[in-house]
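Structure assessment
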Amino acid sequence: MEKSKEFKDLQEIKSLMERSSRFLSLSGLSGVSAGIIALIAAAIAYYLLDFGRIKYTTNFYLLRPMEEFSYQMDLLTNLLILAFATFVLALASAYYFSWRKAKKYNYSLWDHTTKRLLFQLFIPLIAGGVFALILIDRNDGTLLAAVTLIFYGLALVNAGKYTLSEVQYLGISEIVLGLLAGIFTCWGLLFWAIGFGILHIIYGLVMYYRYER
Amino acid sequence: MKDIIQNLNKAFENRVRLGIMSVLMVNDWVDFNTLKELLDTTDGNLASHLKALEEKALIRMKKQFVGRKPKTSFQATDNGKAEFRQHLDALENLLKNQ
């Protein structure tokens with residue numbers, strides 16, 4: 001009888017330490033939905049870039065020397081809108097599935113763990129986002145895929161300390177992919193689709209089957 | 001066996017006190033309302049246990065004003081952390097030896 005009391009105490013202590021220091025509402029389905037959105041976005045980008053005939057990696061102004069300047073700007077604007085919409089949709093879906101998980105397990109979705117997680121996640125993320133904009137402003141898209149993947153990976157490694165620790169493995173994978181994308185720059189969009197699409201889906205499914213079924 | 005039981009600290013022999021210490025082991029300053037939510041207890045009950053732990057210098061308290069509202073936060077002292085760790089080890093040993 002004594003044993004069960006101590007055992008229960010220790011379990012309660014462990015659970016409290018977890019719940020009070022880590023954001024546990026992050027759902028595997030958030031990863032799956034973000035991955036699907038990223039794959040769709042990559043497909044649209046591929047279409048906008050004329051099925052790979054336009055290399056988004058090269059200088060935007062030199063894409064098609066014979067075409068009008070406005071065409072280049074339209075393309076750039078469309079790609080930026082696409083990127084922004086992808087980011088917002090992915091965040092919204094992540095929020096939705098986290099909200100569902102929080103409700104199911106009776107976690108609170110907005111508490112000090114949430115704030116800390118978002119803070120740690122967004123510092124590298126915003127740095128990467130601004131740096132990507134600087135690259136675009138300099139008309140150098142060569143390293144865009146690499147930069148977004150690497151900074152996103154760093155953001156995940158950083159945030160992994162404040163949520164399910166498996167997030168750090170996803171982060172490391174994104175960094176490795178980003179470095180590869182930096183070497184093989186002409187395959188940037190493909191690396192981007194693997195990193196933001198396929199890795200998210202795989203990670204999300206693993207987490208879903210491990211924790212939420 | 002006797003040693004192990006001696007290492008169990010009377011100060012922690014309560015669900016709420018165990019909870020308070022668990023939360024403060026892995027977080028720096030935590031405010032009253034967060035503790036209340038995490039431990040799912042009442043104001044009075046939580047306050048009395050916090051006071052008991054504070055009197056034993058296992059935790060410390062600070063009061064701040066956020067706007068016009070007072071906010072009370074708590075932090076485990078080094079001594080409190082050490083004693084709680086010892087208590088946890090004793091619990092684990094007790095389980096192992098049974």
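The text that follows walks through the structure, step by step, so that each part is easy to find. (Residues numbered from 1 in each chain as written. Chains lettered and ligands numbered in written order. Predicted model: local features only at pLDDT ≥ 70, side-chain atom pairs only at ≥ 80, totals over all residues. Heavy atoms only, no water.)

Structural notes on the environment of G195 of chain A
All names here are of chain A. Relative to the helices and strands, G195 resides in helix α7 (residues 188-211). Along the primary structure G195 and A83 are separated by 112 residues, whereas in three dimensions their C-alpha atoms are 15 Å apart. Once you skip the residues sitting within four places of it in the chain, G195 turns out to touch L149, E174, L177 and H200. (Helix = DSSP H or I, 4+ residues; strand = E, 2+ residues; numbered from the N terminus. Contact = heavy atoms within 4.5 Å.)

Observations regarding the packing of helix α2 (residues 15-26) of chain B against helix α3 (residues 32-39) of chain B
Residue and element names in this part refer to chain B. Two elements in contact, α2 and α3, have axes whose closest approach is 10 Å; the angle formed by their N-to-C orientations is 120 degrees. On the basis of their axis angle, the class for α2 and α3 is oblique. Crossing angle aside, the handedness with which α2 passes α3 is right-handed. In contact with R15, V16, G19, I20 and V23 of α2, α3 contributes L35, L38 and L39. Split into classes, the residues belonging to the contact of α2 with α3 amount to six nonpolar, one polar and one charged. (Axes fitted to C-alpha atoms, helices over the stretch in contact; angles between N-to-C directions. Parallel < 35°, antiparallel > 145°, perpendicular 65-115°, else oblique. Left-handed = near helix turned anticlockwise from the far one by under 90°. Nonpolar A, V, L, I, M, F, W, Y, C, P; charged D, E, K, R; others polar.)

Section: the sheet that holds strand β3 (residues 69-76) of chain B
All names here are of chain B. Judged by pairing direction, the sheet is antiparallel, and its three strands sit side by side in the order β1-β3-β2 without closing on themselves. In the strand order of this sheet, the two ends are held by β1 (30-31) and β2 (59-66), each with one partner. In the packing of helix α4 (residues 43-55) onto the sheet, the strands contacted are β2 and β3, and the crossing angle to β2 comes to about 125 degrees. (Pairing = 2+ DSSP bridges.)

What to know about the interface of chain A and chain B
With 16 residues of chain A at the contact, the number on the chain B side is 19 residues. Of the roughly 1600 Å² buried at the junction of chain A and chain B (both faces included), carbon and sulfur atoms supply 70%. Interface area lost by chain A to chain B is led by L10, L16 and M17 of chain A, which between them contribute 32%. Viewed at the interface, chain B and chain A are joined by one salt bridge. For the salt bridge of R15 of chain B with E12 of chain A, the shortest nitrogen-to-oxygen distance reads 3.2 Å. In this structure, the connection of chain A to chain B is made through two residue pairs in polar contact (both at pLDDT 80 or more). (Buried area = accessible area lost by both parts, 1.4 Å probe. Salt bridge = Lys/Arg side-chain N within 4 Å of Asp/Glu carboxyl O. Polar contact = N/O pair within 3.5 Å; in protein donor to acceptor, adjacent residues only side chain to side chain.)

A word on the layout of surface pockets
Of the voids in this model, the second largest pocket is the one considered here, and its volume is about 640 Å³. Along its surface, the second largest pocket is lined by 23 residues, and S15, E18, R19, L24 and Y107 of chain A are the ones closest to its centre. The set of elements that each furnish at least two residues to the lining of the second largest pocket consists of α1 (2-21), α3 (69-105) and α4 (112-137) of chain A together with α3 of chain B. Here the lining of the second largest pocket is composed, by residue class, of seven nonpolar, eight polar and eight charged. (1 Å grid on protein atoms, 1.4 Å probe; cavity = no way out; pocket = protein on both sides within 12 Å on 5 of 7 lines; lining within 4 Å. Points joined across faces, edges and corners; volume = space filled by probe spheres on them.)

Quick notes on a nonpolar patch on the surface
Residues and elements named next belong to chain A. Nonpolar side chains collect at one region of the surface, where Y169, I172, V176, L180, I183, F184, W187 and L190 lie side by side and expose about 860 Å² of accessible area between them. For the nonpolar patch, the leading source of residues is helix α6 (residues 167-183), giving five residues. Within the secondary structure layout, I172 lies in helix α6. (Patch = residues over 30% accessible without salt bridge, like charges linked within 9 Å, V, L, I, M, F, W, Y side chains within 5 Å. Areas by Shrake-Rupley, 256 points an atom, 1.4 Å probe, with all protein chains shown as cover.)

Description of the pairing of β3 of chain B
Residue and element names in this part refer to chain B. Summarising the sheet, β1 and β3 pair through two bridges and their orientation is antiparallel. Within the sheet, the bridge partner assigned to D31 lies in β3 and is S73. When β2 meets β3, the two strands line up antiparallel, connected through eight bridges. From the neighbouring strand, M61 faces β3, where its bridge partner is F74. In this antiparallel pair of consecutive strands, β2 and β3, the connection spans two residues, and G67 shows a positive phi of 65 degrees.

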